Amino acid sequence: MPRLFDGLELPASADFHVHLRQGAMMETVTPTITSGGVDTVYVMPNLIPPITTPAQAVEYKSRLQALAPDVTFLMSLYLHPSITPSIVREAKATGAIHGIKSYPAGVTTNSSSGVVDYESFYPVFAAMEEEGLVLNLHGELPPSQSPSAPEDQITVLNAEAAFLPTLRSLHTRFPNLRIVLEHCTTKAAVDMVLSISSPNVVGTITAHHLSLIVDDWAGDPLNFCKPVAKLPSDRIALLRAAVDPRRKFFLGTDSAPHPLRSKQGRSGTAGNDNSCGKCAAGVFTQPYATQLVLEALEEAVSKGILREEDVRREGVLEGFWARRGGGSMVCRRVSGG
Ligand code: NCD
Ligand code: ZN
């Protein structure tokens, strides 16, 4: 039976959230970007130590570029107390750095130097607003930060929804700051981004959250990431958001490779500050980034979650890949079908 996307040619995708690591892992992963149908990546800064200076980011970029000369690498800094308004300006002046990523302290892989209190960064956000640097938010509230619920009410299932008032208040305070709510996993996050009409607030959606739900990671560490995949109703909201004509959402795979022993909780290893006995958070999808999205959309159409015309509408897929025209790339199927 013909499948929805058989024969489809698409422009090469941009992937706005990737973890390319360092050392041997970086050397293994970086060359796989193009096999995922991607030619532009926005690179996360949560190395060990995190990338907190423009010089580190520029140096990291040159290492990545040597491994994948045809890929465009958009670099980011790690939001950290050492970042000041003058560093923001210096970062902008490099031309290589496009944003700053905020990790709430302790919620995910390599986030131990992350943000505890957003208010102390207001001068930094003001400088970013002026310079046009993007604020990339890992949108999960750590258990100890809950303003509305008792601390022990925050879990991996509601941490994203509990973070959403912070997103709204940052946007209210800095309306010209470009904010990306990274790796949305809930209907609540989709609704919040859609409810903010300003084009300055958008969201990324990963490839894997278009297909995984909570049952897929409960008991399977390879499917465990932060934020965790949620309920079937959340997955439906993400699928609809990916093809939403308002185009507030685009692909950021959050491809996050870990050594197998870290995924199995057997040891904390270089590039990963998870403690021994805990499964490292992160799902690796880089070589199949675009293909996984197409598979998920195709399945959603076959199940009646999306209509064929939702997916085929002119510019929808290109919009999700953040592309209009440009070079084309034909993706190999994950399953080879
Ligand atoms: C990411 C990683 O492994 O660096 N892990 C993850 O589960 N997504 C960090 C992150 O983006 O949260
Ligand atoms: Zn990530």
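Going by the annotation in an unreviewed UniProt entry, the name recorded for the protein chain is Dihydroorotase, with Cyphellophora attinorum given as the source organism.

1. With respect to the packing of aromatic side chains
Under the definition given, this model contains ten aromatic pairs. Here the aromatic rings of tyrosine 122 and phenylalanine 174 are separated by 5.4 Å at their centres, their planes lie at 70 degrees, and the arrangement is edge-to-face. Pair noted here: tyrosine 122 is in helix α4 (residues 122–131) and phenylalanine 174 is in the loop between α5 (159–173) and β7 (179–181), with a separation of 52 residues, a long-range link. Taking the relative accessible area as the measure of exposure, phenylalanine 174 reaches 6% and is therefore buried.

2. Brief notes about the coordination of the zinc ion (ligand 2)
His17 (NE2), His19 (NE2) and Asp254 (OD) make up the full set of protein donors to the zinc ion (ligand 2), lying at 2.0 to 2.1 Å. Metal-centred angles of 92 to 136 degrees between the four donor atoms at the zinc ion (ligand 2) mark the site as irregular. In the primary sequence, the donor residues of the zinc ion (ligand 2) line up as H-x1-H-x234-D. Here histidine 19, found in the loop between β2 (13–18) and α1 (23–29), pairs with aspartate 254, found in the loop between β9 (249–251) and α9 (260–263); they are 235 residues apart in sequence, far enough to count as distant. For histidine 19, a relative accessible area of 5% puts it in the buried group. Its relative accessible area of 6% is what places aspartate 254 among the buried residues.

3. What about the sheet that holds strand β4 (residues 72–78)?
Within the open sheet, the eight strands sit side by side as β2-β3-β4-β5-β6-β7-β8-β9. Their pairing is parallel. Only two strands of the sheet have a single partner each, and these edge strands are β2 and β9. Averaged over all adjacent pairs, the angle separating strand axes in this sheet is 30 degrees, with direction ignored. Sheet analysis places strand β5 (residues 97–102) next to strand β6 (residues 134–137), joined by four bridges and oriented parallel. Bridged to serine 102 within β6 is leucine 137.

4. A word on the site of ligand 1
Within the structure, ligand 1 sits among 15 residues, and Arg21, Asn46, Thr108, Lys226 and Asp254 are positioned closest to it. At 3.0 Å from an oxygen atom of ligand 1 is found a main-chain nitrogen or oxygen belonging to alanine 281. Alone, ligand 1 offers 310 Å² of accessible surface; in the complex the protein occludes 100% of this. Taken together, the residues of the shell around ligand 1 break down into three nonpolar, nine polar and three charged.

5. A short note on the nonpolar core
Judged by nonpolar contacts, the single largest core of 79 residues is most densely connected at Leu20, Phe73 and Phe125. Broken down by element, this core gets its largest block of residues, seven residues, from helix α10 (residues 289–302). In this structure, phenylalanine 73 is in contact with Leu20, Thr30, Ile33, Val41, Val43, Lys61, Leu64, Gln65 and Ala68, ignoring residues within four places of it in sequence. Grouped together as the second largest cluster of nonpolar side chains are nine residues, Met44, Tyr78, Val180 and Val202 included.

6. Regarding the state of the cysteines
One pass over the structure, following the stated rule, counts zero disulfides. The thiol sulfur of cysteine 279 is not disulfide-bonded, and the nearest other cysteine sulfur, from cysteine 225, lies at 9.9 Å. Residue class for cysteine 279 comes out partly exposed when judged on its relative accessible area of 25%.

Calculation notes
- Residues numbered from 1 in each chain as written.
- Chains lettered and ligands numbered in written order.
- Predicted model: local features only at pLDDT ≥ 70, side-chain atom pairs only at ≥ 80, totals over all residues.
- Heavy atoms only, no water.
- Phe/Tyr/Trp six-rings, centres within 6.5 Å; stacked < 30°, edge-to-face > 60°.
- Helix = DSSP H or I, 4+ residues; strand = E, 2+ residues; numbered from the N terminus.
- Buried < 20%, exposed > 50% of the residue type's maximum accessible area, 1.4 Å probe, protein only.
- Donors = N, O, S within 2.8 Å, 3.2 Å for Na, K, Ca; no water.
- Tetrahedral: all angles 85-135°; square planar, octahedral: opposite > 155°, others 65-115°.
- Pairing = 2+ DSSP bridges.
- Axes fitted to C-alpha atoms, helices over the stretch in contact; angles between N-to-C directions.
- Near = heavy atom within 4 Å.
- Polar contact = N/O pair within 3.5 Å; in protein donor to acceptor, adjacent residues only side chain to side chain.
- Areas by Shrake-Rupley, 256 points an atom, 1.4 Å probe, with all protein chains shown as cover.
- Nonpolar A, V, L, I, M, F, W, Y, C, P; charged D, E, K, R; others polar.
- Core = buried A, V, L, I, M, F, W, Y, C linked by side-chain atoms within 4.5 Å.
- Contact = heavy atoms within 4.5 Å.
- Disulfide = S-S within 2.5 Å.

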